Amino acid sequence: MISRATRSIAVLMALVVVPLLCGSGCPSDAPADGNGNGNGNNNGTVAATVRMQNNAFVPSSVTIKTGQAVRWINDDVVLHTATSGSPGDPDMGSVFDSGNMGPGGTFTHTFNQAGIFTYHCEQHPVEMRDATVTVNP
Ligand SMILES: [Cu+2]
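The written sequence of each chain sets the order in which its residues are numbered from 1. Owing to the predicted nature of the model, reporting of local features is limited to residues with pLDDT of at least 70; listing and counting of side-chain atom pairs is limited to 80 or more, with chain, interface and lining totals taken over all residues. Note that the side-chain values use all heavy atoms of the structure and ignore hydrogens as well as water.

### Details of the side chain of Thr 81
Thinking step 1. Structurally, Thr 81 is set in the loop between β5 (69-74) and β6 (83-84).
Thinking step 2. Only protein chains enter the accessibility calculation, which uses a 1.4 Å probe; a residue is then buried when its area is under 20% of its type maximum, exposed when over 50%, and partly exposed in between. Overall, the relative accessible area of 0% leaves Thr 81 in the buried class.
Thinking step 3. Any pair of N or O atoms that falls within 3.5 Å is considered a polar contact. Within protein, one atom must be able to donate a hydrogen and the other to accept it, and sequence-neighbouring residues count only if both atoms are side-chain atoms. At 2.8 Å, the side chain of Thr 81 forms a polar contact with the side chain of Thr 83.
Thinking step 4. At 2.7 Å, the side chain of Thr 81 and the backbone nitrogen of Glu 122 are in polar contact.
Thinking step 5. When near neighbours in sequence (up to four residues on either side) are disregarded, Thr 81 contacts Met 52, Phe 57, Ser 98, Gly 99, Asn 100, His 120, Cys 121, Glu 122 and Gln 123. Under the DSSP-based scheme used, a helix requires at least four consecutive residues in state H or I and a strand at least two consecutive residues in state E, with every element numbered from the N terminus. Residues count as neighbours in contact if any of their non-hydrogen atoms are within 4.5 Å of one another.

Right, dumping it as structure tokens:
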């Protein structure tokens, strides 16, 4: 009886907790050169490139026009992500999320709506945050 209940709880934990822990940052979610968690699209012209260098987004802010794309390139030897929102935001990653990008990995996202989009790296939420993509109409 007890072991069966324990097993049920273990299964429940695996179903509920693991996705929460992994979120959009799971390596299996996105290849190094992928579209992230399904909300990426990369059919726009790349109008700005952001390099991930020494645990920083370079440059930390770029400006493009609606319908254009931003491309991120990981120049470091550690994993990085480009994840919309700020660390801990309930809706972070809802606009775009690269998932983990290995060394040399790239991620491209086309912005079809104007606005100022803040983003961060899930692996380095302290050093790599408050970067922006400004999308003009
Ligand atoms: Cu990072």
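Now, onward.
### Details of the nonpolar core
Thinking step 1. Buried residues of nine kinds, namely Ala, Val, Leu, Ile, Met, Phe, Trp, Tyr and Cys, make up a nonpolar core once their side-chain atoms join them within 4.5 Å. If you look at the biggest cluster of nonpolar residues, it comprises 20 residues, and the most contacted ones within it are Phe 57, Val 70, Trp 72, Phe 96, Phe 111, Tyr 119 and Val 133.
Thinking step 2. Those elements that place two or more of their residues in this core are β2 (46-52), β4 (61-65), β5, β8 (115-120) and β9 (131-136).

### Observations concerning the sheet that holds β6
Thinking step 1. With mixed pairing, the four strands of this open sheet are ordered in space as β4-β9-β8-β6. At either margin of the open sheet sits one strand with a lone partner, and together these are β4 and β6.
Thinking step 2. Alignment of β8 against β9, held across five bridges, turns out to be antiparallel. Counterpart to Tyr 119 in the pairing with β9 is Ala 131. Here, any two strands with at least 2 DSSP bridges between them count as paired.

### Structural notes on the coordination of the copper ion
Thinking step 1. Taken together, the protein ligands of the copper ion are His 80 (ND1), Cys 121 (SG) and His 124 (ND1), with distances of 2.0 to 2.2 Å.
Thinking step 2. Sodium, potassium and calcium take a 3.2 Å donor cutoff, other metals 2.8 Å, and in both cases only N, O and S atoms count; water is not among them, so sites may look incomplete. Between consecutive donors of the copper ion, the numbers of intervening residues give the motif H-x40-C-x2-H. Of this pair, His 80 sits in the loop between β5 and β6 while His 124 sits in the loop between β8 and β9, placing them 44 residues apart in sequence.
Thinking step 3. Assessed through its relative accessible area of 0%, His 80 is described here as buried.
Thinking step 4. What makes His 124 buried here is its relative accessible area of 13%.

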